[in-house]
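This is what each chain is made of:
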Amino acid sequence: MPGEMADEFIVTPWEVKGVIDYDKLVERFGTQRIDETMIERVRRIAGEVHPMLARGIFYSHRDFNWILDEYEKGNKFALYTGRGPSSGVHVGHMLPWILTKWLQDKFHVKLYFQITDDEKYLFKDFDSLDDAKKIAYDNILDIIATGFDPKLTKIFLDTEYIGHLYPVAIRVSKHVTFSITRAVFGFGHSNNVGEIFYTSIQAVPCFLESIEQGSNVPCLIPCGIDQDPHFRIARDAAPLLGYYKPALLHSKLLPGLRGFGEKMSSSQPETVIFLSDGEKQVRHKISNALTGGRPTVEEHRRLGGNPDICVVYANYQFIFEPDENHLKSVYDTCRSGARICGDCKVELADKIVDYLRKHEERKEKARDHVDEFMLRD
Ligand code: TRP
């Protein structure tokens, strides 16, 4: 119905458009919400809960209860996440990485980290595979800088580990018809056949630990909810190949700096903070960010602001303010009008600059450790 499309939003692995209604998305995708009971269960097992779980940044899942059931029975799971390499790693990309590191630390489990140079080449982000590879290796430094345990973490580029991936990928692909990719992704006659095959490659790491162990091992995938369509296909194929269905933890997507409806996009550098941004750029971008403030300071003081529609507040909440009490005070003082946008932005920019400086130091150190993490054929 064309009339109904007007205020629609789109979330696919390759396109995010409009203001996302996360409740509707759970219904559309058929996932489960992460509720208080589940959060308390994590607290009981892990001893604490990561702020991204406690605050509902990771808000949806598939079969996470089962992962915890198995864990409590003594069956460890393996973690799996990934990265489509691009020159602009931004702070939004790090959400799953940060939660994945926390899960690795708390549960002492192995992690498979897939770098999809093939995907980024096929979907036209790069003209040459070599460029995709070069960027991939820079992204790997950012990944290592997140703090993963070298003894428990395996990183690989699809094109460098394809000998191991291919036998599994073709088994998956035998169960993925063109009709499925058309229904799930909207593919049509102009999509190249690599694009159509690609999901079978992204499915493989779900099963790598089972193959390594020679017996079934549960797999847990923390990812942005936009990746869920790939894993619906992987979950359907899993039992047909004799494996467990992978479980998922889905995050909301960090909104761009120009407002919730605006796509956060590396092709619009003003809307995102890149990990490589210098202090001046960070301060400039944050000072131009859209807030929930009133048009004048006088009005703001009198009526208060609205943090619920503010991307500056979203940045505190999603990633940059781990302290629950301070986060609450940011929220409350915004509402009351005591906190004005200018000050709030400076405070956020200080936090981001500090975060990026530390990241840069860790990234420098990562350069000497790449080979400790890599799997290659
Ligand atoms: N397709 C993802 C991207 O474009 C990369 C990816 C591969 C991934 N495997 C994954 C992301 C598993 C999350 C979880 O970024």
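The numbering scheme is per chain: residues are counted from 1 as the chain's sequence reads. Only residues with pLDDT of at least 70 get local features here, since the model is predicted, and only at 80 or more are side-chain atom pairs given and counted; chain-wide, interface and lining totals rely on the full set of residues. Just so you know, side-chain values use all the structure's heavy atoms and leave hydrogens and water out.

Engineer: Please explain the sheet that holds strand β4 (residues 58-62) as it appears in this structure.
Structural biologist: One key point about sheets: their strands pair by backbone hydrogen bonds, in either a parallel or an antiparallel sense. If you walk across this open sheet you meet the 7 strands as β3-β4-β9-β8-β5-β6-β7, and the pairing is mixed. Each having just a single partner strand, β3 (32-33) and β7 (153-157) make up the two edges of the open sheet. Inspection of the sheet shows β4 paired to strand β9 (residues 247-251) by 4 bridges, in the antiparallel sense. Paired with F58 across the bridge in β9 is S251. Here, strands pair whenever DSSP counts at least two bridges between them. Runs of H or I in DSSP of at least four residues are treated as helices and runs of E of at least two as strands, each being numbered from the N terminus.

Engineer: Sorry if this is basic, but what is going on with the nonpolar core here?
Structural biologist: One recurring pattern in soluble globular proteins: nonpolar side chains tend to sit buried together. By size, the foremost hydrophobic cluster in this structure holds 69 residues, and its most contacted members are I155 and L220. Whether two residues are in contact is decided by their heavy atoms: any pair within 4.5 Å suffices. Every residue in contact with L220, bar those within four places of it in the chain, is listed here: F64, I67, F77, A78, L79, Y80, L103, A247, L248 and L249. Counting 31 residues, the second-largest nonpolar core is a separate cluster that includes Y112, Y198, Y243 and L248. What is meant by a nonpolar core is a set of buried Ala, Val, Leu, Ile, Met, Phe, Trp, Tyr and Cys residues, joined one to another through side-chain atoms within 4.5 Å. Each residue is placed in one exposure class: buried if its accessible area under a 1.4 Å probe, protein chains only, is under 20% of its type's maximum, exposed if it is over 50%, and partly exposed if it falls in between.

Engineer: What am I meant to see in the pattern of salt bridges here?
Structural biologist: A pair can form between side chains of opposite charge whenever their charged atoms are brought close. By convention in these notes, a salt bridge is any Lys or Arg side-chain nitrogen within 4 Å of a carboxyl oxygen on Asp or Glu. One pass over the full model with this rule turns up 34 salt bridges. A salt bridge links E324 to R55, with the shortest nitrogen-to-oxygen separation between them at 3.2 Å. Of the two residues, E324 is situated in helix α17 (residues 324-336) and R55 in the loop between α4 (51-54) and β4; the sequence distance between them amounts to 269 residues. For E324, a relative accessible area of 41% puts it in the partly exposed group. The class of R55 is buried, set by a relative accessible area of 13%. E279 is the partner of R357 in a salt bridge, and the nearest nitrogen-oxygen pair spans 3.5 Å. Remark: E279 occurs in helix α14 (residues 279-287) and R357 occurs in helix α18 (residues 341-366); sequence separation between them is 78 residues. One connected set of salt bridges, linked through shared partners, spans R41, R44, D69 and E72.

Engineer: I'm lost on empty space enclosed by the protein in this one. Help?
Structural biologist: Gaps left between atoms are located by rolling a probe of water-molecule size over the structure's atoms. Note on definitions: the grid is 1 Å and covers protein atoms alone; a cavity is a set of points where a 1.4 Å probe fits but cannot get out; a pocket is an open set with protein on both sides within 12 Å along at least five of seven lines; lining residues have an atom within 4 Å of a point. Grid points are joined across faces, edges and corners, and a volume is the space filled by probe spheres set on the points. What the rule picks out here adds up to 2 cavities of 30 Å³ or more. By volume, the largest cavity is sized at about 100 Å³. Lining the largest cavity we find 14 residues, and of these C310, C334, R339, C341 and C344 sit closest to its centre. Note on residue categories: nonpolar means Ala, Val, Leu, Ile, Met, Phe, Trp, Tyr, Cys or Pro, charged means Asp, Glu, Lys or Arg, and polar means any other residue, Gly included. The class makeup of the residues in the lining of the largest cavity is 9 nonpolar, 4 polar and 1 charged.

Engineer: Would you mind showing me how to read the site of the ligand here?
Structural biologist: Lining the immediate surroundings of the ligand are 15 residues, of which Y80, Q114, E119, Q202 and Q227 lie closest. In this structure, E119 approaches the ligand through a side-chain N or O atom, which is 2.9 Å from a nitrogen atom. In protein, a polar contact means a hydrogen-donor-capable atom and an acceptor-capable atom, both N or O and within 3.5 Å, with residues adjacent in sequence counting only if both atoms are side-chain atoms; elsewhere, any N or O pair within 3.5 Å suffices. A distance of 3.0 Å is found between a nitrogen atom of the ligand and a side-chain nitrogen or oxygen belonging to Q202. Computed on the free molecule, the ligand has an accessible area of 360 Å², of which 91% lies beneath the protein chains in the complex. Listed by contribution, the elements that provide at least two residues to the shell around the ligand are β5 (78-83), α7 (117-122), α11 (193-203) and β8 (219-224). Per-element tally for the shell around the ligand: the top contributor is β5, with 4 residues. Class assignment of the residues belonging to the shell around the ligand gives a composition of 5 nonpolar, 7 polar and 3 charged. Each residue is tested against the molecule or strand, and it is near if at least one of its non-hydrogen atoms lies within 4 Å. A 1.4 Å probe and the Shrake-Rupley method give the accessible areas. Residues count as covered only by the protein chains that appear here.

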